[in-house]
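Fold and contact review
This is what each chain is made of:
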Amino acid sequence: MTWFKVFDRVSLQEFARIDTLFVASVISILALGMVMVSSASISISESLHGHPYFFMVRQAFYLVLGLISGFLLLSLPTSQLQKWGILMMGLSLILLILVLVPGIGKSVNGSRRWINLVVFNLQASEVAKVCMVVYVSGYLVRRADRVREGWVGFVLPLCLCSVFLLFLLFEPDFGASVVLLGTVMVLLFLGGAPLYQFLLLMIAAVAMLGVVAISESYRLKRLMNFIDPWADPFNEGYQLSQALIAYGRGEWFGLGLGNSVQKLSYLPEAHTDFVFSIWVEETGMFGGLLLIVLFALMVGRAFKIGHNAMALSRPFAAYTCFGFSILILAQVIINIGVNTGFLPTKGLTLPLISYGGSSLIITLASLFVIARVDVENRRAESDYDSTGSAEVKVKENDK
């Protein structure tokens, strides 16, 4: 079998029939993301590179790479993805190890999370999250009875997940650890794990993450600053207090696109982790709610596609949709929660909105896999309808 034979091309007619609301929400969020990266990065782009649209151009380049990789994945059958689950998990684990190797891993702001690929910096945790979803989705299909009937089948994927978490905490990347563990737990619950096992594990996970959160002084400081950022607004609480100022300035209808003041070197990471604050400052509370509605629509339609796959007896495709949807939803909730002061500061980007090559490319890849599931669902429904019609005709002829 040659490499190209694993692909199964999607026709233009099939592409046009992909869930309209899902596609429209993705395109809308991508468009808003390009606008906000362009606006929020002007000041820092000018000061660092002498060009106001440096980060916008790079984000457009990442978008093209993401679309190219996404269209390749659109032609990849989910059955093939299921076969590669264990391999993908192994490769992502290797990346998590390599990122910690001096000379290979790139350190930014004290965290070693990236591998320099020349074209862009690959964030190993982004790859690990989607690969873990693919592996666990396949595991839930292969070991469905063990997951539902005993502790061994339930704990085994969590043991593997704990290895990933260990390397993520070495980077350190506490935010990605929370998202990864939460996604795996929800997938196991959806896979039929007994409720009492899920609740016991959730209590243990919360306790473990709590210990990890207070084990390092900088994490403890973040927790205290989250409780009261105004206690030290010019030092430890500076970032959150500036984000809250952005919300206050935006009021209901915003200052207008491009008119943010906080992005002018007042709010750190304005084009990455805190881009939502700039968006609300420029578009107001209504603009923030609009973006949240678009994310809710996108994730809701992705869940619907997964539900359709499960109804058509395609459990791997269904779990994959659920897993990718949970990943995106968790990152949206955490990022917006951090921006608004409801959660402690974590280095998680807002999917499809924040500047960053790894996040944009990997998120687009997962969304195209969901689109592939929708294509296969429609094919399965068409085959079922044609088979059903044929059976009806046979019965009529027999009469």
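Residues numbered from 1 in each chain as written. Predicted model: local features only at pLDDT ≥ 70, side-chain atom pairs only at ≥ 80, totals over all residues. Heavy atoms only, no water.

Section: the overall build of the chain
Each helix and strand in the chain was counted, giving 16 helices and three strands. A buried classification covers 50% of the 399 residues belonging to the chain. Sequence separation of 24 or more characterises 71% of the internal contacts of the chain that already satisfy a separation of 6 or more. Entry remark: accessible area of the chain is about 18800 Å², with carbon and sulfur atoms responsible for 68%. (Helix = DSSP H or I, 4+ residues; strand = E, 2+ residues; numbered from the N terminus. Buried < 20%, exposed > 50% of the residue type's maximum accessible area, 1.4 Å probe, protein only. Contact = heavy atoms within 4.5 Å. Areas by Shrake-Rupley, 256 points an atom, 1.4 Å probe, with all protein chains shown as cover.)

With respect to a nonpolar patch on the surface
On the surface, Leu87, Leu91, Ile94, Ile97, Leu98, Val101 and Ile104 cluster together to form a nonpolar patch covering roughly 550 Å² of accessible area. By the element assignment, isoleucine 97 lies in helix 6 (residues 85-98). (Patch = residues over 30% accessible without salt bridge, like charges linked within 9 Å, V, L, I, M, F, W, Y side chains within 5 Å. Salt bridge = Lys/Arg side-chain N within 4 Å of Asp/Glu carboxyl O.)

Some thoughts on the environment of aspartate 8
Within the secondary structure layout, aspartate 8 lies in the segment before helix 1 (12-16). The spatial distance from the C-alpha of aspartate 8 to the C-alpha of leucine 72 is 9.7 Å, given a sequence separation of 64 residues. Within the structure, the side chain of aspartate 8 is placed 2.5 Å from the side chain of arginine 379, a separation counted as a polar contact. (Polar contact = N/O pair within 3.5 Å; in protein donor to acceptor, adjacent residues only side chain to side chain.)

Section: the packing of helix 13 (residues 238-250) against helix 14 (residues 275-311)
The N-to-C vectors of helix 13 and helix 14 enclose an angle of 15°; their axes lie 7 Å apart at closest approach. Compared by their axis directions, helix 13 and helix 14 come out roughly parallel. Two packed elements cross with a definite hand, and for helix 13 against helix 14 that hand is left-handed. Facing Ala243, Ala246, Tyr247, Arg249 and Gly250 of helix 13, the residues of helix 14 in contact are Phe276, Ser277, Val280, Glu281 and Gly284. The residue inventory of the contact of helix 13 with helix 14, partitioned by class, reads five nonpolar, three polar and two charged. (Axes fitted to C-alpha atoms, helices over the stretch in contact; angles between N-to-C directions. Parallel < 35°, antiparallel > 145°, perpendicular 65-115°, else oblique. Left-handed = near helix turned anticlockwise from the far one by under 90°. Nonpolar A, V, L, I, M, F, W, Y, C, P; charged D, E, K, R; others polar.)

Concerning the packing of aromatic side chains
This model, assessed by the stated rule, comprises twelve aromatic pairs. A ring pair is formed by phenylalanine 71 and phenylalanine 368, whose centres lie 5.0 Å apart and whose planes are at 55°; its orientation type is tilted. Of the two residues, phenylalanine 71 sits in helix 4 (residues 54-74) while phenylalanine 368 sits in helix 16 (residues 357-398), which places them 297 residues apart along the sequence. A residue is classified by how much of its surface remains accessible, and phenylalanine 71, at 41% relative accessible area, is partly exposed. Exposure remark for phenylalanine 368: the relative accessible area of 12% places this residue in the buried category. Between tyrosine 247 and phenylalanine 276 the ring centres are 6.3 Å apart and the planes differ by 55°, which places this aromatic pair in the tilted class. Of the two residues, tyrosine 247 is situated in helix 13 and phenylalanine 276 in helix 14; the sequence distance between them amounts to 29 residues. According to the relative accessible area criterion, tyrosine 247 is buried, its value standing at 17%. Ring-pair connections join several aromatic residues into one group, and the members of that group are Phe54, Phe55, Phe61, Tyr62 and Tyr355. (Phe/Tyr/Trp six-rings, centres within 6.5 Å; stacked < 30°, edge-to-face > 60°.)

Some words on the pairing of strand 2 (residues 111-116)
For strand 1 (residues 105-108) and strand 2, the ladder comprises four bridges, and the chain directions are antiparallel. Bridging from a neighbouring strand, lysine 106 pairs with tryptophan 114 of strand 2. As paired strands, strand 2 and strand 3 (residues 121-123) are joined by three bridges and run antiparallel to one another. From the neighbouring strand, tryptophan 114 faces strand 3, where its bridge partner is glutamine 123. (Pairing = 2+ DSSP bridges.)

Side note on the nonpolar core
Phe22, Met298 and Leu350 are the most contacted members of the largest nonpolar core, which totals 105 residues. If near-sequence neighbours (up to four positions away) are discounted, methionine 298 is found in contact with Phe22, Ser25, Val26, Ile29, Ile328, Leu352 and Leu367. (Core = buried A, V, L, I, M, F, W, Y, C linked by side-chain atoms within 4.5 Å.)

Let's talk about the side chain of serine 137
One can find serine 137 in helix 7 (residues 124-142). Separated by 3.5 Å, the side chain of serine 137 and the backbone oxygen of tyrosine 319 make a polar contact. Excluding residues that lie within four positions of it along the chain, serine 137 makes contacts with Leu187, Phe316, Tyr319 and Thr320.

Brief notes about the environment of phenylalanine 164
Along the polypeptide, phenylalanine 164 turns up in helix 9 (residues 151-170). For the pair phenylalanine 164 and serine 92, spaced 72 residues apart in the sequence, the C-alpha separation amounts to 9.0 Å. Contact partners of phenylalanine 164, with chain neighbours within four places excluded, come to Met89, Ser92, Leu93, Leu96, Ala128, Met132 and Leu180.

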